[in-house]
Amino acid sequence: MVFVKVYVTYKESVLDPQGEAVKGALHRMGYSEIEEVRIGKYFEMQVNPGTRPLEEVIEEACDQLLANVNMETYRFEIVNTEEA
């Protein structure tokens, strides 16, 4: 079993209205040091290795469902593999 973390965020060129709203709230609370806030999605998955390469399976899942590739970008990390 392999544990995978996937992070999805808006591309830099895409306006993030939720992030702007949070940044505004933080500034009103006195946290003027915070210059930018980006809101995203986070997924944790347990994957059973099969015949296909793990990276290929995760990239396909991200491209087809987890991320809107027109507006979002993603990255993933393979955290650990249990010993057989």
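Everything here concerns the structure above.
Residues numbered from 1 in each chain as written. Predicted model: local features only at pLDDT ≥ 70, side-chain atom pairs only at ≥ 80, totals over all residues. Heavy atoms only, no water.

Quick look at the pattern of salt bridges now. In total, this model carries six salt bridges according to the counting rule given. Arg 38 is the salt-bridge partner of Glu 36, the closest N and O atoms lying 3.9 Å from each other. Note that Glu 56 is salt-bridged to Arg 52, the shortest N-O span being 3.1 Å. The partly exposed category is assigned to Glu 56, whose relative accessible area is 39%. What you see here is one network of salt bridges that share partners, running through Arg 52, Glu 56 and Glu 60. (Salt bridge = Lys/Arg side-chain N within 4 Å of Asp/Glu carboxyl O. Buried < 20%, exposed > 50% of the residue type's maximum accessible area, 1.4 Å probe, protein only.)

Here the focus is the nonpolar core. Counting 10 residues, the largest nonpolar core is built from Val 2, Val 4, Val 6, Val 8, Val 47, Leu 54, Ile 58, Cys 62, Leu 66 and Ala 67. Contact partners of Leu 54, with chain neighbours within four places excluded, come to Val 2, Val 4, Val 47 and Ile 78. (Core = buried A, V, L, I, M, F, W, Y, C linked by side-chain atoms within 4.5 Å. Contact = heavy atoms within 4.5 Å.)

Right, let's get into helix 2 (residues 54-66). Residues Leu 54, Ile 58, Cys 62 and Leu 66 constitute the buried set of helix 2. The arc that holds every buried residue of helix 2, seen down its axis, measures 65°, which confines them to one face. (Helix = DSSP H or I, 4+ residues; strand = E, 2+ residues; numbered from the N terminus. Arc of directions from axis to C-beta.)

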